[in-house]
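The residues making up each chain are set out below.
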Amino acid sequence: MLPNLKEIGDKITQNDVWKSIFRHRYEDTSRNRMLQVLSNVWLHIHPTTVTKGNINISFTWCLGGLTFFVFLFETLTGVLLMFYYTPDVNRAYADMLDLSNNAIPLGRLLRNTHRWAGHAMVITVCFHMLRVFLTGSYKAPRQFNWVVGVILLVLTLLLSFTGYLLPWDQLGYWAITVGTNMAGATPFAGYQGPFAELFGFTIDNDIRFGLLGGTSIQAPALLRAYVWHCIGLPAMAGGLMMLHFWRIRKDGFSGQL
Ligand code: HEM
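Residues numbered from 1 in each chain as written. Predicted model: local features only at pLDDT ≥ 70, side-chain atom pairs only at ≥ 80, totals over all residues. Heavy atoms only, no water.

Participant: Now, about the environment of Met 241: what can you tell me, with residues and values included?
Facilitator: Looking at the element boundaries, Met 241 is found in helix α11 (residues 219-251). Separated by 89 residues in sequence, Met 241 and Leu 152 have C-alpha atoms that sit 7.6 Å apart. When near neighbours in sequence (up to four residues on either side) are disregarded, Met 241 contacts Phe 68, Phe 71, Met 121 and Leu 152. (Helix = DSSP H or I, 4+ residues; strand = E, 2+ residues; numbered from the N terminus. Contact = heavy atoms within 4.5 Å.)

Spelled out as structure tokens, the structure:
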């Protein structure tokens, strides 16, 4: 005898566990459709209704959307690069050469697209910020989202900077030297900065020490740049992007007609 699919479906959906996760019914009514969207962590980013004006190509040129797309692309190519790159001072540069010389299948394509898309993300995020500024979209009620955006901009620049260090070539080595020396001269954080004495900062307990994992540039510095680049910064940026998109939905998009 064929199983009664409706009965099986009812058994799965008509219990407290299922209902605690999916808080909507399934009849095709506009209320249920709306509840499905609103109670879904991914779909609630989208509006439940879309007006004609919403789908016009607008003055935003989707620059924020492009930045997000490039971020996803970077995540994908970055994970693939992690299979071939070792964050070890004796191997990192050789691994990059292997990638660039196609000792690894499609290695050069992978490395170069990751690098160029990194540059593209910095450019698109700057243009996105310029657009938001020029259209006055930073004003109430979107001022909080502007601040979230500023943090996203800083994270984008830090992602770009930490990625630049990873090949451990001369450019990367001297960039980490200059960057961490700047951190060492930062007010309230670095041992050479203003108020260092007040807070008791010395060469072995300030922010530069934390970034390098030591007082000079050695193996721990590369490992720390790698962990920030591959885990810390993308996780923070991803979380803030969710907040950013949720706020756009809550505040209403300024270009809505
Ligand atoms: C990784 C960085 C960022 C991503 C992925 C991102 C993504 C987005 C997206 C998809 C939108 C919808 C409209 C559009 O596409 O233009 C948007 C809107 C907005 N963004 Fe960003 N953004 C980022 C950085 C920034 C920065 C740096 C700022 C400003 C400092 C900012 C401020 C805003 C504001 C205020 C809105 C609402 C604009 C409106 O309603 O017209 N965002 N963002």
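Read on for the rest.
Participant: Describe the site of the ligand, with residues and values.
Facilitator: Close to the ligand lie 26 residues; His 128, Arg 131, Gly 149, His 244 and Ser 254 are nearest. Arg 131 places a polar side-chain atom, nitrogen or oxygen, 3.0 Å from an oxygen atom of the ligand. The side chain of Ser 137 places a nitrogen or oxygen atom 3.2 Å from an oxygen atom of the ligand. Only α4 (63-82), α6 (107-134), α7 (143-165) and α11 provide two or more residues apiece to the shell around the ligand. Of the residues in the shell around the ligand, the class split is 14 nonpolar, 10 polar and 2 charged. (Near = heavy atom within 4 Å. Polar contact = N/O pair within 3.5 Å; in protein donor to acceptor, adjacent residues only side chain to side chain. Nonpolar A, V, L, I, M, F, W, Y, C, P; charged D, E, K, R; others polar.)

Participant: Requested: an account of a nonpolar patch on the surface, with residues and values cited.
Facilitator: A cluster of nonpolar residues, Leu 76, Val 79, Leu 80, Met 82, Phe 83 and Tyr 84, forms a patch on the protein surface that exposes about 580 Å² of accessible area. Tracing the sequence through the fold places Phe 83 in the loop between α4 and α5 (92-100). (Patch = residues over 30% accessible without salt bridge, like charges linked within 9 Å, V, L, I, M, F, W, Y side chains within 5 Å. Areas by Shrake-Rupley, 256 points an atom, 1.4 Å probe, with all protein chains shown as cover. Salt bridge = Lys/Arg side-chain N within 4 Å of Asp/Glu carboxyl O.)

Participant: Can you break down the pattern of salt bridges residue by residue, with the values?
Facilitator: Enumeration according to the criterion identifies 4 salt bridges in this entry. As a salt-bridge pair, Arg 91 and Asp 95 come within 3.8 Å of each other at their nearest N and O atoms. With a relative accessible area of 6%, Asp 95 lands in the buried category. One salt bridge in this structure joins Asp 251 and Arg 247, with 2.5 Å as the shortest N-O distance. Linking Asp 251 with Arg 247, this pair stays in helix α11, spanning 4 residues, or about one helical turn. We classify Arg 247 as buried; its relative accessible area is 19%. (Buried < 20%, exposed > 50% of the residue type's maximum accessible area, 1.4 Å probe, protein only.)

Participant: Any chance you could break down the coordination of the iron atom of the ligand for me, citing the residues and the numbers?
Facilitator: Those donors, His 128 (NE2) and His 244 (NE2), are the protein atoms that reach the iron atom of the ligand, and they lie 2.1 Å from it. Around the iron atom of the ligand, the 6 donor atoms are arranged such that angles at the metal cover 88 to 179°; this shape is classified as octahedral. Residue His 128 is located in helix α6, and its partner His 244 is located in helix α11; the two are separated by 116 residues in the primary sequence. For the pair His 128 and His 244, one class covers both residues: buried. (Donors = N, O, S within 2.8 Å, 3.2 Å for Na, K, Ca; no water. Tetrahedral: all angles 85-135°; square planar, octahedral: opposite > 155°, others 65-115°.)

Participant: Describe the side chain of Asp 95, naming the residues involved and giving the relevant values.
Facilitator: Of note, Asp 95 is situated in helix α5. In this structure Asp 95 touches Tyr 84, Tyr 85 and Thr 86, once residues within four positions along its chain are discounted.

Participant: How would you sum up the packing of aromatic side chains? Please name residues and give values.
Facilitator: Evaluation of the coordinates by the stated rule reveals 10 aromatic pairs. Among the aromatic residues, those joined into a ring-pair cluster are Phe 188, Phe 195, Phe 199 and Phe 201. Residue placement shows Arg 247 over the ring face of Trp 246; its charged tip is 5.0 Å from the ring centre. (Phe/Tyr/Trp six-rings, centres within 6.5 Å; stacked < 30°, edge-to-face > 60°. Lys NZ or Arg CZ within 6 Å of the ring centre and 35° of its normal.)

Participant: Give a detailed account of the nonpolar core, specifying residues and quantitative values.
Facilitator: Generally speaking, a soluble globular protein has its nonpolar side chains buried in company with each other. Residues Tyr 85, Leu 166, Trp 168, Ile 176, Ile 217 and Leu 222 are the most contacted members of the largest nonpolar core, which totals 18 residues. Ranked by residue count, the leading element in this core is α11, at 4 residues. Not counting residues up to four positions away in its chain, the partners in contact with Tyr 85 are Ala 92, Asp 95, Met 96, Leu 166, Leu 222 and Tyr 226. Counting 13 residues, the second largest nonpolar core, distinct from the first, contains Phe 71, Leu 233, Ala 237 and Phe 245. (Core = buried A, V, L, I, M, F, W, Y, C linked by side-chain atoms within 4.5 Å.)

Participant: Run through unusual backbone geometry, naming residues and quoting values.
Facilitator: Residue Pro 141 is bonded to the preceding Ala 140 through a cis peptide linkage, with omega at 5°. For Pro 141, the location among the structural elements is in the loop between α6 and α7. Even without glycine at this site, Phe 188 takes up a positive phi of about 65°. Along the polypeptide, Phe 188 turns up in the loop between α8 (170-184) and α9 (196-199). Phi is positive for Phe 195, close to 70°, though the residue is something other than glycine. Secondary-structure assignment places Phe 195 in the loop between α8 and α9. The class for Phe 195 is partly exposed, based on a relative accessible area of 44%.

Participant: Mind laying out the environment of Phe 133, listing which residues take part and the relevant values?
Facilitator: Locating Phe 133 in the fold gives a position in helix α6. On the basis of relative accessible area, Phe 133 is assigned to the partly exposed category, the value being 45%. C-alpha of Phe 133 to C-alpha of Ile 123: the two residues are 10 residues apart in sequence and 15 Å apart in space. Among all residues touching Phe 133, those that are not within four sequence positions of it are Tyr 138 and Trp 146.

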